[in-house]
Amino acid sequence: MRLDVNLLDYALIAIYFATVLAIGFAARRRITTSLDFFLAGRGLPAWITGLAFVSANLGAIEILGMAANGAQYGAMTVHFYWIGAIPAMVFLGIVMMPFYYRSKVRSVPEFLRRRFNGATQLLNAITFAVAQILIAGVNLYALALVMEALLGWPLPVSVVVSAVIVLSYITLGGLSSAIYNEVLQFFVILAGLIPLTVLGLIKVGGVSGLFEKVRQSPLGEGGLHTWAGTAGDNPMHAHWIGIVFGLGFVLSFGYWTTNFAEVQRALSARNTNAARLTPIIAAYPKIFIPLVTVLPGLIALVLFGDLGQDRAYNDAIPLLMGDLLPNGVLGVAVTGLLASFMAGMAANISGFNTVFTNDIWQAHLVKDRPDGYYLRVGRIATVVGVFMGVGTAFIAAGYSNIMNYLQALFSFFNAPLFATFIVGLFWKRMTPWAGFWGLLAGTLAAFTSYILYKSGVVAFGTELNASFWGAGIAFGVDVLVSVVVTLVTTAKPDSELRGLVYGLTVDLEDDALAGDAKWYRSPVLLGAGGRPGHRDVRSDPVKDIRLVIGGLFLVYGVILIVAGVFGTPVNLWTGISMAVVGGVFLVWSRIRPI
């Protein structure tokens, strides 16, 4: 399959990549210390870190993976958002971010070292690094699929070229570059997916037409329901216990509260309040993301009858793009896909280089060197991580639905970590070696469960359901082993646990800024559904990202309007919409300047 792109589409893509690299060069001028490179100097406002938080997850997992899930499993896919994301994101902001941020740790493994010991830190750092390389491979594979469809290049060539693009701007500007590009990418992604969804709905006869066609598809009536038949009789073969406990509790909280690739965005915020607001601000757009991921998957299911047979579910979005979008809007959509995959991979690689440098290299291999030395190590780790991701991309290529692969990885690495973390956070008696052995036992239990499923010893029905149950088993084993080991080993004294466990606070200098006490800046209120505020700004390496977003969208809008006048109405209306959005950002930056 090759998309029918022309010079107009290539021009739009080229403008975007020029903007991305310009942000990387601009961010590089501010990188003087390892803290600048790994945590953006802890100086970013909440609205930027919040959008980066959601954009970092809006990679292959969301775009290709959730569309593939929508086509394969139907409406039940929304559980990954409303059960498997939103509650955990709110919990992270209200409960856990104060512990992360006020302890001044640079990573989740460093927090585990302070709470438990160096062995637990090293174990988590190694498993996290492996997981990030594997997940980076998924994003890289997805990006290469689009490059292959766009240019007709073989998969190996597409993988390498895609890796070089991401490597360029992360190595230049570190986390600052990644975060500012993620904010830009968030809006570009939506600009590509919204027209695709609208045109798809028009083609299938609107929402009612889509529902009727889904009923006639292999999914049947079950493809339109989220909770009906959750005793096991549903397209996902998932039981409500697995959905609520496996996905909604263990996998969800394990991913969103302990995955450093996400937590890193909040740690880069300017103060504790901004760090707490980061995942809560991200939760608001997350509620509506299924409209541009799951819904297109259902549309692809009814438009392409051989999906899941002759063609992989992963092809749902590219197939819709080739069938529905005219040149011009097609270029925006391709740019949005490229942006989403780069955002996902950038999150993985920036998390990898931070943990490898701080929690493996500096903490256990080469200690007490100057700061500049570790900055160089971080840049080298970035290069090595990207090229290791190239190798793992071919593992992802072996899966028809990459979401199945990703959920398996989450059950291996995130579920046991969450068990260790949550027990250690709320039970101060838990000992250092209980943290290590519990984490190790939980990880091995998850691997064992998956191997037994793949070998046919146990039957879970589907890969996703196997991951749900595997996560629950890993959590249970981790907790059990942690309790047993705690009973026979020595706990840390309270003096070493202050600020690291619930109930043992530590007196720190108040880092609140003017305005943080206002009701609309309260993490608890926003987490319950209040109205967010926006005035939380600081000087940054690209001066004002709103100017970049506004300028890019205005340029895109003008180009599409001209193309629409001499071509299709779709280009015209999309161009007008993008020009309006660009104008709003430019006016916003003038009215409330930094």
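Residues numbered from 1 in each chain as written. Predicted model: local features only at pLDDT ≥ 70, side-chain atom pairs only at ≥ 80, totals over all residues. Heavy atoms only, no water.

Let's shift gears to the overall build of the chain. Along the backbone of the chain there are 23 helices and 0 strands. Expressed as a percentage of its 594 residues, the buried residues of the chain come to 62%. Long-range pairs, those at least 24 residues apart, make up 83% of the contacts in the chain with a sequence separation of at least 6. Of the roughly 20,900 Å² of accessible surface on the chain, a fraction of 67% belongs to carbon and sulfur atoms. (Helix = DSSP H or I, 4+ residues; strand = E, 2+ residues; numbered from the N terminus. Buried < 20%, exposed > 50% of the residue type's maximum accessible area, 1.4 Å probe, protein only. Contact = heavy atoms within 4.5 Å. Areas by Shrake-Rupley, 256 points an atom, 1.4 Å probe, with all protein chains shown as cover.)

Under the defined criterion, the tally for this structure stands at 5 salt bridges. Its salt-bridge partner being glutamate 110, residue arginine 114 comes within 3.3 Å of it at the nearest N-O pair. One end of the pair is arginine 114 and the other is glutamate 110, both in helix α7 (residues 108-115) and 4 residues apart, which spans about a single turn. In this structure glutamate 110 comes out as buried when scored by relative accessible area, which is 5%. The salt bridge involving lysine 428 is made with aspartate 494; its shortest N-O contact spans 3.2 Å. One end of the pair, lysine 428, is in the loop between α18 (402-426) and α19 (432-454); the other, aspartate 494, is in the loop between α20 (463-488) and α21 (523-527), with 66 residues separating them in the sequence. Looking at lysine 428, the relative accessible area reads 41%, which means it is partly exposed. (Salt bridge = Lys/Arg side-chain N within 4 Å of Asp/Glu carboxyl O.)

Across the interface, α18 lies against α20 with an axial gap of 8 Å and an inter-helix angle of 20 degrees. The orientation of α18 with respect to α20, classified from their angle, is roughly parallel. Between α18 and α20 lies a crossing whose hand is right-handed. Along the contact surface, α18 presents Met403, Asn404, Gln407, Ala408, Ser411, Ala415, Pro416, Phe418, Ala419, Thr420, Ile422 and Val423, while α20 presents Glu463, Leu464, Ser467, Gly470, Ala471, Ala474, Phe475, Asp478 and Val479. (Axes fitted to C-alpha atoms, helices over the stretch in contact; angles between N-to-C directions. Parallel < 35°, antiparallel > 145°, perpendicular 65-115°, else oblique. Left-handed = near helix turned anticlockwise from the far one by under 90°.)

This paragraph deals with unusual backbone geometry. In this structure, aspartate 368 is a non-glycine residue whose phi angle is positive, near 60 degrees. Tracing the backbone through its elements, the reader meets aspartate 368 in the loop between α16 (329-365) and α17 (371-396). Its relative accessible area of 76% is what places aspartate 368 among the exposed residues.

Time to look at α18. With 25 residues, α18 extends 35 Å between its outermost C-alpha atoms, agreeing within 8% with the 36 Å of an ideal straight helix rising 1.5 Å per residue. Taking the largest bend as the criterion, α18 deviates by roughly 35 degrees, centred on serine 411. The buried fraction of α18 amounts to 24 of the 25 residues, a majority that puts the element mostly inside the structure. (Expected span 1.5 Å × (residues − 1). Bend = angle between axes of the 7 residues up to and from the residue.)

For the chain, per-residue confidence averages 81 on the pLDDT scale, and residues scoring 70 or more make up 86% of the total. Per-element averaging of pLDDT across the chain places helix α2 (residues 34-39) at the bottom with 56 and α19 at the top with 93. When the criterion is pLDDT under 50, residues 531-542 qualifies, and its contacts beyond four places in sequence or with other chains add up to 39 contacts. (pLDDT = per-residue confidence, 0-100.)

Under the counting rule described, the total for this entry stands at 7 cavities of 30 Å³ or more. Taken as a whole, the largest cavity encloses approximately 170 Å³ of empty space. The wall of the largest cavity is formed by 16 residues, among which Phe80, Gly84, Trp256, Gln407 and Phe410 lie closest to the centre. Mapped onto the lining of the largest cavity, the elements with two or more residues apiece are α4 (61-73), α5 (79-82), α11 (240-258) and α18. No other element matches α11, which puts 5 residues into the lining of the largest cavity. (1 Å grid on protein atoms, 1.4 Å probe; cavity = no way out; pocket = protein on both sides within 12 Å on 5 of 7 lines; lining within 4 Å. Points joined across faces, edges and corners; volume = space filled by probe spheres on them.)

Right, let's get into the packing of aromatic side chains. Scanning all chains against the criterion turns up 28 aromatic pairs. When the ring of phenylalanine 186 is compared with that of phenylalanine 187, the centres are 5.2 Å apart and the planes differ by 85 degrees; the resulting orientation is edge-to-face. Ring pairs connect the aromatic residues Trp47, Phe186, Phe187, Phe585 and Trp588, which therefore count as one cluster. Across from the ring centre of tyrosine 373, 4.8 Å away, lies the NZ or CZ of arginine 369, which sits over that ring. Just above the ring of tryptophan 588 sits the side chain of arginine 546; from NZ or CZ to the centre is 4.7 Å. (Phe/Tyr/Trp six-rings, centres within 6.5 Å; stacked < 30°, edge-to-face > 60°. Lys NZ or Arg CZ within 6 Å of the ring centre and 35° of its normal.)

For the rest of this paragraph, the subject is helix α15 (residues 316-324). Where burial is concerned, most of α15 is hidden: 7 out of the 9 residues are buried. For α15, the set of buried residues is Ala316, Ile317, Pro318, Leu319, Leu320, Met321 and Leu324.

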